[in-house]
Each structure stands twice: as C-alpha cells, then as structure tokens.
2 protein chains.
Amino acid sequence: MTMTSAAALRREPLPLTAVTIDDEFWAPRRELIRTRTLRHQEGQLRRPGQQFDALSLTWRPGDPDEPHIFWESDVAKWIEAASYCLATTDDPELDRAVDEAIELLAGAQQDDGYLNVYFTVVKPGERFTDLRDAHELYCAGHLIEAGVAHFEATGKTRLLDIVRRYADLIDTVFSPDGPRAGGYCGHQEIELALVRLYRATGERRYLDLGRRFIDWRGEQPYYFETELRHRGTPGYFGTRLPRKPGDLRRFREYNQSHLPAADQAEAVGHSVRAMYMYSAMTDLAGEYDDDRLLQAVRRLWADVTGKKLYITGGLGSDPSIEGFGPAYDLPDAHGYAETCAAIGLVQWARRMSNLTGDGHYVDTLERALYNGVLSGASADGTRYFYGNPLAGDGTVTRQEWFDCACCPPNLARLLSELGRYVYAQGPGEAVVNLYVAGTARFAFAGGEVTLRQDTAYPREGRLAITVTHADDGAEFALAVRIPGWSRQPAVTVNGEPVHRPDLRDGYCTLSRRWRAGDVVEIDLGMEVRRTWAHPAVAATAGKVALERGPIVFCLEGVDHDCAVHSLVLARDAPVHVVPDERTGVVTLSAEATADDGTDGSLYGDRPPARRGVTMTAVPYFSWANRGLTDMTVWIRDGRE
Amino acid sequence: MTMTSAAALRREPLPLTAVTIDDEFWAPRRELIRTRTLRHQEGQLRRPGQQFDALSLTWRPGDPDEPHIFWESDVAKWIEAASYCLATTDDPELDRAVDEAIELLAGAQQDDGYLNVYFTVVKPGERFTDLRDAHELYCAGHLIEAGVAHFEATGKTRLLDIVRRYADLIDTVFSPDGPRAGGYCGHQEIELALVRLYRATGERRYLDLGRRFIDWRGEQPYYFETELRHRGTPGYFGTRLPRKPGDLRRFREYNQSHLPAADQAEAVGHSVRAMYMYSAMTDLAGEYDDDRLLQAVRRLWADVTGKKLYITGGLGSDPSIEGFGPAYDLPDAHGYAETCAAIGLVQWARRMSNLTGDGHYVDTLERALYNGVLSGASADGTRYFYGNPLAGDGTVTRQEWFDCACCPPNLARLLSELGRYVYAQGPGEAVVNLYVAGTARFAFAGGEVTLRQDTAYPREGRLAITVTHADDGAEFALAVRIPGWSRQPAVTVNGEPVHRPDLRDGYCTLSRRWRAGDVVEIDLGMEVRRTWAHPAVAATAGKVALERGPIVFCLEGVDHDCAVHSLVLARDAPVHVVPDERTGVVTLSAEATADDGTDGSLYGDRPPARRGVTMTAVPYFSWANRGLTDMTVWIRDGRE
C-alpha cells in the first residue's frame, strides 16, 4: 500500500439502505435503541423548559431553565440516530417526531443562518467569542451530521438546507480573511461533520473549511490564549489562562491544540475530542491525498494502540481530564475508559481501515465494539456507564440514562449506524469487516451484487457468505477480514477448501466471477486465548486476561464465594467453554485457587492459605447486570 | 484493664522541659524544623498583605489580599511549634518573633474576646453563621493550643490570657441555652484544644464546653442542615444541601456528624477531621471516666486499624474527600494517605495508649511516625507530600513547602513536641514508649527519677536505659514497650538476664527499687520480616511487603534497571541487611526476578520472559529524594 495512492484505493461504507441486520446479537440491541432509548431521549427533549421548548427562543433573562450551550447537540444526536433507524425501518411515529424537531430548529435559525439558542437569547452579541469552551461549533457540527443523516436516510432536505445555511455562515466567519480567521473549536467535531457535508452535497468549500479548522489548530500564537486575553473574562467554565508551564501545556493538550495536527505524534488530552479530531484528520488525509496527515494519523494510531489502549478497547486512563494518561499507564480500577471514547475509537478505526485497506484496524474496532462500547449499556438498555473500569470493588453501578448525558445518544448513533461498519466497498471489492448476519447490496460499475451473511458470531467463529444476487459481469474481489487472533482460518468456496488463501493486510481476498448461489464458508477457529500485557504496564503485572474471538472476559464476584482478586489461574489450567443463555455468547470455566481467610488482622507475617475453587469468567460487556459485584478483567497469573 | 478504672490508671506525657532528645535520627530533623522550617513559615506569615498584616484589621472591602478564613490557624500552628522548640532550646530570635506575633493577635482581639480577622473585617455581623464551612471554631482551637503550648513552654501568660477570653466568649455563645446551643464545628479541632485548656488552667467549664461540642455532634435535627436552611445562602465553599440520600449521607459523614459520637463505629469522612475528633473523644473518655465514649473509640480504633490503615500508617484511600474509603479499600497508587492524617493518627494513638496502658497502640503510633509521617518531608526538609501513595509511576514529587499549606506546620508541631510521645508517666510508673536516645525526668510522689536512653534505633534494635538519678524511696515500675514484631526480646538488668520478663499489654514491666547506675538492656531483635495483608484487600493480593523494626521498605526505580512493578521476590529468597549512610538506617538486598521485554506489542499471547536481578529496598520514608522514580511498597510475591 503506497501512500500516494491511498486516496485512490479508498473504500467507502455502504449506504445504510443497502444493509440489513437480522442476527441474534445486534438486531435485538438495535431494536431496543429504536423502541426504547430514542423514545426516552425524546421524552427528555420534550420536558417543559428543556431542549425543544428552548428552540422557541422565548426565554428571557430572569426566566427559569436557562438554555444550555449543549442543547442543540442533544437534539441533533437524537435526530441523527433516529435517521439511521428510519433508513432501514418503517416508523411513522418517529418520522413525525423528527420532522417536528426539525421544524423547531428551522424556527430557531436566524436570518443569517446562525442556529444557537444560547447565543441568541442568553448571550446575544457574543457569538464566536469563546470558541474554546462554549461548544458553539461543536453543536453546529452535530447539527450538520444530523442534517446529512436525515437526508441520506429519508431523502428529505429540510434539515440539510438548514445546516447548509449555517455552514455557509460559518464558512464566511472563518474564511481565511474573515473576522475569526485562525480560530477553531475547543471540542473537535465540526471538522468531521464538514467532511460529511461535503460528501453529501459535493460542495468543496465545506471540505476546505474543515481543512482550515484542522490546519489552524495548534498554530502560534495559540488562538485560545489570544481569545482569552482579548475577551478579558474567564471562559464559560471559568477558564483562566494558566501561568505555570506544566499547566499551560496541559491547557493546550486538553483539546489537542498544542501542536499543528500534522506534527502530532502522541495522543494527549481529552479522549473524545482526540478521537473526533483524528477521525477528521483521517478523512482529510484521504480527501486531499495528504501524506503528512496520513503519517500523523498512523503515528497517533500507533501511540494509542501501542501504549494507551485498554484490552477492552477503552481509552483514557485519567479521570481528571477524561483523557489520556502517560504511556503504559492503564490503571484498572481508577482509570476512565469513557464509553464515548471507545465509540470514537470505533469511528476512527473504520476510517483508518477504509483509507488504507488494512483489516488490522478493524481488529481494534471490533475489540472496542464488543467490549468497551457494549459494556456502556445495561442488558435492558436503560442504564449506562460513563466510565468502564477494568476492575470494580462492588460499588459501581450503571446510572439511569437520564443522568448520563452523552453515552445514550452516542450508543444510539453507533448501533443504529452499524450497517456502515459491517461492510465496505472498494474499486471492484466487496469487503466484509464484521461478522453480522444480514444482507448487503453492492453497486459496482458492472452491476449489483447482494451478499447474505450467516453466522452466530460472536458465540461461534463460523460464517457463511452467500452471493444471493450477482448481475452479469459482476467480477469482484470478496475481501473478508480475518482477525489477528485467527491463526489458521479454514476457507471453503462452494464446499471446496481454499488451500492457500490470499491473507494479506488482514483480509482473505477471493477474486473470481461470482454467481448467485456461491457460498464462502470460513471457520475462524475460536479457542480460548490467554493474553498478557506489555511489562511496562503496572496494573497488569503478573496477570493474565482471557479472550475468545472478539470477546474479552472478566470475573464477577457474584459467580464466586471469594473476592475476584483472590483468584489465581495457573498457567496450565484448562479453560472450558460453556454455552450461556443469559449473555447469548459463552462463559468460561476453569479450576483455580483462591486466597483463603486469615486470622483477620490487616497485616501479618503469614501468607494467606490457598484453596481450590471453580472460576467462572463472563463476557466483559455483560458485567454489572446482576446486582452490585466486584469484578476484574485481569486475573492473577500463577503456577501452582 | 477494667474500663471503669481507666481514668485512674491513666498515664500522662512528660512535660517537654523534662525530656531531651539527642539521638542521630530525630534530633537533626528537629533542628531542621527549628532553624529552617519555622523560619520559612515565619517568612510566609510576614509577607505583605498576608497573615501578620491581616491582624492589623486594616483591610477594607476593595483592598487586595482579602484575609482568608484559615489565617489565624496558620499563625497559631507556627506559634505552637515554636513554643515546643522554645521549651527545650534557647532561641531568643524565635522567642521575640513569637512575642511579636502574640502582640498582633492581642491587637486583633475584640473587646468581647472574639478573635477572627475574616469575620471582623470581611464579613462583620456574620459570626458563627457558617459553622460547617467557615472554620471559625477550628481557628479558635488552634489559637487555644498555641496559648497553652506557649504558656507551658515559656511560663508566659500573654497568649494564654488572650485565648481564655476567646474561649469564655465561645462558652457563652455555645452554652446550653446560648444563641448557638446545639452547634459544633465543621472541622473538629476545638474539642481537643479545650481539653488542653482545661488541663492547663484547671477551669472545668472549658472541659464541659468541649464535651458539649462532642455530645451535640450528630444529634437530630442535624445542625449543619438547619444552619444552611436558616441562612438561605450556600456555605463558604459553595455548599448546598444535597437532595439524594447517598449525597446527604456523605454530606454528614464528611465531618463525622452523621451519628452521635458515642454511637459511631466506623471511620468515615475526612481523615484529619476524624483523627482530631477521635482524639478529643479519647481525652473526654478519660476525663469523664466515660465507658460509652471509651467503647466508641475502641470500636473506631478497631475499624481504622483493622480495615482502613495503610501499612505505612497512612489513612484515607479516597482523594475526593481526603478521607476514608470502604473497608479494605487501600489502593496503592490512587489512594491519598495525607501526611496530616498520619500525624493525627499518631496523636490519637498516644491518647489511646496513655488512657488504657496498652502498648499496642504505640506500635501503630510508631508505624505511622517512622513511615507515613516521615515520608511527608524531603530529606532536606524543604519539600512536602500532601498524599503519601504506596506506589508511584515516576511522576510524583514533593512540592516546595509553600505550596502545601497544612503539612509543614503539622510536621513542625509533631516533631517539636516529640518528647511527649517518647515517654509517659503513670502512678508509680515510668513508661518508655519510643526508642529515642536522650533523657527523661520523672517526678514521682516519692522523689525524682532521671533515665538516660541510649540506642541507635531504628537502625538497630538494641536499647539501654540507665537510671542516672533516683531519689531515695524511688520505687517505681519501669515499663518499656515491646513492639508486637519483637518475638523474643532479650532483657537484662545490670547484665543479668531476666528470664521470664513480665510482658503484658505490650510492655516489659520491671518493678524494683531502682538505684542510680542501674542499667536495663533490651535487644528487641530486628530481623527482616515479610508481611502480607488481609486477603480482602485488592491492592495487595499476591504481594508482600518488607519490614524491619518499625521501618517499612519500598522499591525505587532509581535502584533498578527495570520498572519496580516488574520485580518478583520469591518466598524463600534471603533478604540481606545493608548499612546505609544516605538514609541513616539500612537498605535491603535480595536476588529477585523481573519481567523482561517482549516484542513490544501492548497485548500478546506470550507471557513476558523472566531474568534475574538484584533487588534493593529502601526505607519508605526516604523515597523520592533521588529524582523522579517509580516506587512500590508492595512487591509481587512469587515462588520461582
């Protein structure tokens, strides 16, 4: 894969309307999103004095319920997730509710295209004066994504037109010689949104605007410091300019504006901001065929996945900034691993994979999706984790969704949009990235192809891909990702083994003239794996984790009569797979040992006695659904 | 020890003037306090617009440098520590500086006895309206302690008279039918101060006032909630009344006002507040011969030392409240273990020991003193730790003392007052609690006795106690504490072995008619010990700590070519003692193994290789004096 041809080889996700998902794992969760989560979210938005009411612009100083700076993004994320559902599911009630919300947005839009309640009724005259903190462009970005999503799902342009007018205004304000030239947002988001707007409309100036935001970031003089000095008042969150060098460095790193984007090499600061920015950089690297940006995101990817990634795909070990800690600093109980950051990683990984054609990026995507993302929601979809620790002492529990403002909407968006992660299409290539039962329709120049995927993944590692329709002349390469943990995948085409499959860049690529009825079967193998972390990581020293397929496992106290940190799994102890109805995948079982009670004193001169116990491991995503319980992903690794 | 006779058997510390300390370990540190720390602290107080200036009461609204609510306590703690120095050391300059400060305090005292700059010039008319947050009685308590200390050290009554007038006012305001009846302070301190004032003056009403403060605490309706509602405005720190039950519980527990003191059984909330309160409760249990209070402090002691104590004597695993976490929750890198909390434990332990005559309390005192307290200061006495973690990743460093407002003054007070911890006197008993070379003068009814202690403790475990003077008829019991880790102490009197020494309640008690020249020699034995924690503690599972005598050891990265968390110490690996000039005690050395590098990936399917390394352990108190370094107290316990 030469870098200069990256853009030419770029793959694209399929449109949502071209994908169906009818599996046993994701489909029920997606239905829960549509029928429960989005309804709850709508209820939140409709509460008196809240987001929908605020769009009426009738609030006046002194009234209760001062509108929040985030409210447009709440509405936008709901519309976006709802749109993804509407792309594939008939739901007239939801459709109407979305149209209603769009009308409210239309009513709140100013004549010049501006759309932001806070800076219209609370602080008029202060537009774009606190880019660092006030989330103005952040909200605009989410509105733009909603407009694009709604258009692509329903064909309606009402919201798309609204956000285009807003984007046009922003383009003027942030033109190279405009009044806010050099400025960018303190919470990255609009950059990737503008790429989507460009791709949906074909208007290049939106792409160029996104590019400018990335290019200006990190240039000196630092925009947020100039802005702060110029304004003379603290920022929206009380921000003042730090004086000590260390504090100033952290001030800049928090929103990744410490260096020009193309020069960045280490993931620092707030994790979600970083993920959205790296996603945009990846998009732009492809759109502009920009080597420097591509090298930057490769470096950043290596830093994240090589030194800062939890085994669950979680990111962010420092709760105080909801962001990255130092390399190899991955505390298990006291880290953060925000659900939204894992979702951001999924979004970035898809872009990296589609840009480079390398399936190993999807391995990481999958690691996050099936573990650190999914653990963010309770089994019944009504409670959420902000942070996803790798160990818990029995006091952590998910919160009712309305306490957790960002995770439900982000989970809703991701799961509703899942079809765009399962497949991709390149020039003459049908790509299967994730193993999810359903169908996919590829429109090649030579004709259409429809594939049917059948699998019980992640419970089993076997999949069957059937070509259910292939127009004449549909010669294409079928590229099926083979995960790194699959050592010797067994591949057959129409029952015939493929003895030396083409396994490059993380894919099994089969090129032929395909016919309807052709079946490719792949057995990935799915043995239980023991996994160890790099010795530089303190939290995992002397410990081992259990994985099977994409699933990372953990121990829960509720399955044991001792604290989970007491358990030791001997290196050679066999680990058995047990089908599990509760989680829909499997649990693991092994004979282990546990520290036994002592004389009760806190410190003493005798090591604890040991006894044999049966150890049960469950999928990490399923933890904390059976009441309060201690938990650990990393298990003491022993030899006795 | 029957409970009803506790008061009768109570021991008392010796006056500071009766003790000299000339050892190699503490004397240099005490000299550093007097010549450096107290001078620095004085410089802080003298800065323009700061504490001393504020006492002139010339500040007006609009002026810079608004006086802080804590400033009286800063001045008071400095005076107190200085007084302890003046008790045993001639220092005319310091003496003058203290007198000068006392005159400033005199000048700030109001006609009715009130003494608090903030509520005199910043918020006049708001006295005693925010007992929970504004630290008014806390400052008064420290002033009282300073007045008592100054009087006992110098015989001068100037400050004592000032604080008596203030205490009289407080007694009126908080009389049982006074305007603030039922109220108490949000930061316990005045309770123990009033006990000292009573003991110094003989005025019982001060004791009764302290008793009332303890008795009112935790009664319903909860005073701080009534106060908040009545005032209608948030507290000094923005405090509002929480609504959720969990938050309300934590609101009350923070300052241990959730239950009546005598009913409390678990250590919760802010650690330093707790320590000051439990100290006062112990004092009051003795003064009132109060069984219920005594049982309460015994329960609390059992909870703290049985479930919430770090092996270093540190307390407080929850940084968010600078206080106690759940039982057995003792995270090593992310805990807190505030230096001031360990100091508070030392203060409480002395009271428990003197009240009950049980030396095991002094074992805990010693554990804190030689580890979690001492680690609070750098070797040169100029930098301080707020928190004292049991593991560090190489980024923690002590701060210049002037950034850390509470630790230097508290360390200064403790070390300057050390003489009151080394010895105690009971009816017919001379008690040696700590092994510190120097002299002690006991005034018994029958005459005076002077002892000379010689020892190189904590470097060695041998001590010699010589009766250097004994008035005729001086028949007394010499009770020397024998620590719990000393299995078979060898005791001789005048060279003759004592074959079956009386070893009850943690003391070796020798009763005879003593003569000048009599020498008691005790060899405590001081082998290296391996220590394991209760299996309920997650942070220490599979780990071991090394101790020798009172010293807890740790590993520092600077002594190894690998991360300290990589090291494994086999159960049967011999550990050697190495004399060490740098720390003045010893280091330990053993052959261990370490995880070796891998292929560099963050997660992989192979355990790390192992190699042999020489492991060096240093005293915990001495860590972080050789540049940034990773560190761990708890070492991976292995069998290879």
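Being a predicted model, the structure only gives us computed values, none of them experimental.

Some details on the overall build of chain A
Of the regular secondary structure elements, chain A holds 18 helices and 25 strands. The C-alpha radius of gyration computed for chain A amounts to 25 Å, which stays within 12% of the reference 26 Å derived for 640 residues, consistent with globular compactness. A principal-axis box enclosing the C-alpha atoms of chain A has dimensions of 75 × 70 × 45 Å. Burial status across chain A gives 63% buried among its 640 residues. When contacts within chain A are restricted to residue pairs at least 6 apart in sequence, long-range pairs at least 24 apart make up 69% of them. When the accessible surface of chain A is split by element, carbon and sulfur atoms take 49% of a total near 23,200 Å². A distance of 3 Å separates the average location of the 71 positive side-chain charges in chain A from that of its 92 negative side-chain charges.

As for helix H2 (residues 26–46) of chain A
Every α-helix winds through 3.6 residues per turn, so residues three or four apart in the chain are directed the same way. All names here are of chain A. Compared with the 30 Å implied by 1.5 Å per residue over 21 residues, the 28 Å span of H2 between its first and last C-alpha is a close match. Residue Ile33 marks the point of greatest curvature in H2, where the axis turns by about 40 degrees. Every buried residue of H2 is listed here: Trp26, Ala27, Arg30, Ile33, Arg34, Thr37, Leu38, Gln41, Glu42, Gln44 and Leu45.

Some details on the packing of H2 of chain A against helix H17 (residues 407–416) of chain A
Residues and elements named next belong to chain A. Two elements in contact, H2 and H17, have axes separated by 10 Å at closest approach and are oriented at 140 degrees. The orientation of H2 relative to H17 falls into the category oblique. The chirality of how H2 crosses H17 is left-handed. In this structure, H2 contributes Trp26, Arg29, Arg30, Ile33, Thr37, Leu38 and Gln41 to the contact, and H17 contributes Pro408, Pro409, Leu411, Ala412, Leu415 and Ser416.

A look at the domain arrangement of chain A
Examined at the domain level, chain A breaks down into domain 1 (1–42 + 264–423), domain 2 (46–255), domain 3 (427–523) and domain 4 (528–638). Placing a centre on the C-alpha atoms of domain 2 of chain A and another on those of domain 3 of chain A gives a separation of 41 Å.

Focus: the sheet that holds strand S15 (residues 519–523) of chain B
Residues and elements named next belong to chain B. Within the open sheet, the seven strands sit side by side as S1-S7-S8-S9-S15-S11-S12. Their pairing is antiparallel. Sheet topology places strand S1 (19–21) and strand S12 (496–497) at the edges, where each strand pairs with a single neighbour. As judged from the three bridges shared by S1 and strand S7 (residues 438–444), these two strands associate in the antiparallel manner. Bridging from a neighbouring strand, Ile21 pairs with Gly438 of S7.

Describing the side chain of His258 of chain A
Within the fold, His258 of chain A resides in the loop between helix H12 (245–254) and helix H13 (271–287). Here His258 of chain A is in contact with Tyr222, Arg252, Glu253, Gln264 and Val268 of chain A, once residues within four sequence places are set aside.

Brief notes about unusual backbone geometry
Residues and elements named next belong to chain A. Of note, the amide linkage connecting Gln220 to Pro221 takes the cis form, showing an omega dihedral of 0 degrees. Turning to its location among the elements, Pro221 is positioned in the loop between helix H10 (204–216) and helix H11 (223–231). Cis geometry marks the peptide bond from Tyr457 to Pro458, where omega comes out at 5 degrees. Mapped onto the secondary structure, Pro458 falls in the loop between strand S8 (447–455) and strand S9 (462–470). A positive phi angle, near 65 degrees, is found at Tyr328, a position not held by glycine. Positionally, Tyr328 belongs in the loop between helix H14 (291–307) and helix H15 (339–356). A positive phi angle, close to 50 degrees, is found at Ala337, a residue other than glycine. Here Ala337 is to be found in the loop between H14 and H15.

Considerations on the sheet that holds strand S10 (residues 475–481) of chain A
Residues and elements named next belong to chain A. What the five strands build is an open sheet, ordered S5-S6-S10-S14-S13; its pairing is mixed. This sheet does not close on itself; its edge strands, each paired only once, are strand S5 (423–426) and strand S13 (502–504). Across this sheet, the average inter-strand angle for adjacent strands is 25 degrees, counted without regard to direction. Two strands pair when backbone bridges link them, and S5 and strand S6 (residues 429–432) are joined in this way by four bridges, in the antiparallel orientation. Bridge assignment links Tyr423 to a residue of S6, and that residue is Val432.

As for the side chain of Arg196 of chain B
Residue and element names in this part refer to chain B. Relative to the helices and strands, Arg196 resides in helix H8 (residues 190–201). Residue classification places Arg196 among the buried positions, given a relative accessible area of 12%. Of note is the side chain of Arg196, whose polar atom sits 3.2 Å from the side chain of Glu80. Excluding anything up to four places from it in sequence, Arg196 contacts Glu80, Tyr84, Glu145, Val148, Ala149, Glu152, Glu417 and Arg420.

Some remarks on a nonpolar patch on the surface
All names here are of chain A. Taken together, the side chains of Phe70, Tyr236 and Phe237 make up a nonpolar region of the molecular surface, amounting to roughly 280 Å² of accessible area. Take Tyr236: it is sitting in the loop between H11 and H12. Using a relative accessible area of 33% as the deciding quantity, one classes Tyr236 as partly exposed.

Remarks on the environment of Glu145 of chain A
Residue and element names in this part refer to chain A. By secondary structure assignment, the location of Glu145 is in helix H7 (residues 136–154). Glu145 gets classed as buried once you look at its relative accessible area, which sits at 5%. Distance from Glu145 to Asp637, taken between C-alpha atoms, is 46 Å for residues 492 residues apart in sequence. Beyond its immediate sequence surroundings of up to four residues, Glu145 is in contact with Glu80, Glu189, Leu192, Ala193, Arg196 and Arg413. Of the polar contacts made by the side chain of Glu145, one reaches the side chain of Arg413; its length is 3.5 Å.

Remarks on the interface of chain A and chain B
Taken together, the contact pairs 45 residues of chain A with 46 residues of chain B. For the chain A and chain B pair, buried surface summed over both sides reaches about 3,400 Å², with 59% attributable to carbon and sulfur atoms. Of all residues in chain A, Pro535, Leu602 and Tyr603 of chain A bury the most surface against chain B, accounting for 23% of the area lost on that side. At the surface where chain A touches chain B, the tally comes to two salt bridges. Across the chain A-chain B interface, the total number found is 15 residue pairs in polar contact (both at pLDDT 80 or more). When contributions to the side of chain A that touches chain B are tallied by element, the ones reaching two or more residues are H14, strand S16 (528–533) and strand S22 (603–604) of chain A. Looking at the side of chain A that touches chain B residue by residue, the class counts come to 18 nonpolar, 12 polar and 15 charged. Bridge count for S22 of chain A against strand S16 (residues 528–533) of chain B is two bridges, and the pairing is antiparallel.

What about the environment of Val613 of chain B?
Residue and element names in this part refer to chain B. Relative to the assigned elements, Val613 resides in strand S23 (residues 610–619). As for Val613 and Leu104, which are separated by 509 residues in sequence, their C-alpha atoms are 60 Å apart. In contact with Val613, other than residues within four places in its own chain, are Asp561, Leu567, Ala590, Glu591, Ala592, Thr593 and Ala594.

Focus: the pairing of strand S8 (residues 447–455) of chain B
All names here are of chain B. For S8, the tally of buried residues reaches seven of nine residues, placing the bulk of the element in the interior. Inspection of the sheet shows S7 paired to S8 by seven bridges, in the antiparallel sense. Note on S8: the bridge partner recorded for Ala443 is Glu448. In this antiparallel pair of consecutive strands, S7 and S8, the connection spans two residues. Inspection of the sheet shows S8 paired to strand S9 (residues 462–470) by seven bridges, in the antiparallel sense. Bridging across to S9, Asp454 finds its partner in Ala464. Turn length for the S8-S9 hairpin, with the two strands adjacent in sequence and antiparallel, is six residues.

Comments concerning the packing of aromatic side chains
Residue and element names in this part refer to chain A. Using the criterion set out here, one finds 52 aromatic pairs over all chains in the structure. For the pair Phe25 and Phe621, a centre-to-centre distance of 5.5 Å together with 85 degrees between the ring planes defines the contact as edge-to-face. Residue Phe25 is located in the loop between strand S1 (19–21) and H2, and its partner Phe621 is located in the loop between strand S23 (610–619) and strand S24 (630–632); the two are separated by 596 residues in the primary sequence. In this structure Phe25 comes out as buried when scored by relative accessible area, which is 3%. An aromatic cluster is present here, built from Phe25, Trp26, Tyr370, Tyr435, Tyr457 and Phe621 joined pairwise through their rings.

Definitions and limits used
Residue numbers restart at each chain and count upward from 1, following the sequence in its written direction. Naming scheme: in the order in which they are written, chains are lettered from A and ligands are numbered from 1. The predicted nature of this model means local features are confined to residues of pLDDT at least 70 and side-chain atom pairs, given and counted, to a pLDDT of 80 or more, with totals for whole chains, interfaces and linings taken over all residues. Hydrogens are left out, water is left out, and the side-chain values use all remaining heavy atoms of the structure. Helix and strand assignments come from DSSP, with helices taken as H or I runs of at least 4 residues and strands as E runs of at least 2, each series counted from the N terminus. In this setup the radius of gyration rests on C-alpha atoms only. A globule is expected at 2.2 Å times the number of residues raised to 0.38. Burial classes: relative accessible area under 20% of the type maximum marks a residue as buried, over 50% as exposed, and values in between as partly exposed (1.4 Å probe, protein chains only). Residue contacts are defined here by distance: any two heavy atoms, one from each residue, within 4.5 Å place the two residues in contact. Per-residue and other accessible areas follow the Shrake-Rupley method at a 1.4 Å probe size, with only the shown protein chains counted as cover for residues. The convention is simple: Lys and Arg are positive, Asp and Glu are negative, and His and the chain ends are not counted. For this purpose, a charge sits on NZ of Lys, CZ of Arg, CG of Asp or CD of Glu. To estimate how far a helix should reach, multiply one less than its number of residues by 1.5 Å. Fitting one axis to the seven residues ending at a residue and another to the seven starting there, the bend at that residue is the angle between the two axes. To get an axis, fit a line to the C-alpha atoms, keeping to the stretch in contact for a helix; angles then go from 0 to 180 degrees between the N-to-C directions. The cut-offs work like this: below 35 degrees is roughly parallel, past 145 is roughly antiparallel, 65 to 115 is roughly perpendicular, and the gaps in between are oblique. Handedness of each helix crossing follows the sense of rotation of the near helix against the far helix: counterclockwise by less than a right angle gives left-handed, clockwise gives right-handed. Domain delimitation in this document rests on an assignment produced automatically or drawn from a domain database. Strand pairing requires that DSSP identify at least two bridges connecting the strands. Under this definition, polar contacts are N or O atom pairs within 3.5 Å; protein pairs additionally need one hydrogen-donor-capable and one acceptor-capable atom, and for neighbouring residues in sequence, both atoms have to be side-chain atoms. What goes into a patch is any residue over 30% in relative accessible area without a salt bridge, connected to like charges within 9 Å or, for nonpolar side chains (Val, Leu, Ile, Met, Phe, Trp, Tyr), within 5 Å. Whenever Lys or Arg places a side-chain nitrogen within 4 Å of a carboxyl oxygen from Asp or Glu, that contact is recorded as a salt bridge. Computed with a 1.4 Å rolling probe, the buried area is the accessible surface lost when two parts are put together, summed over both parts. Gly counts as polar in this scheme, as do all residues outside two lists: the nonpolar Ala, Val, Leu, Ile, Met, Phe, Trp, Tyr, Cys and Pro, and the charged Asp, Glu, Lys and Arg. Side-chain rings of Phe, Tyr and Trp, where Trp is taken by its six-membered ring, are said to pair if the distance between their centres is within 6.5 Å; with planes under 30 degrees apart they count as stacked, over 60 as edge-to-face, and otherwise as tilted.

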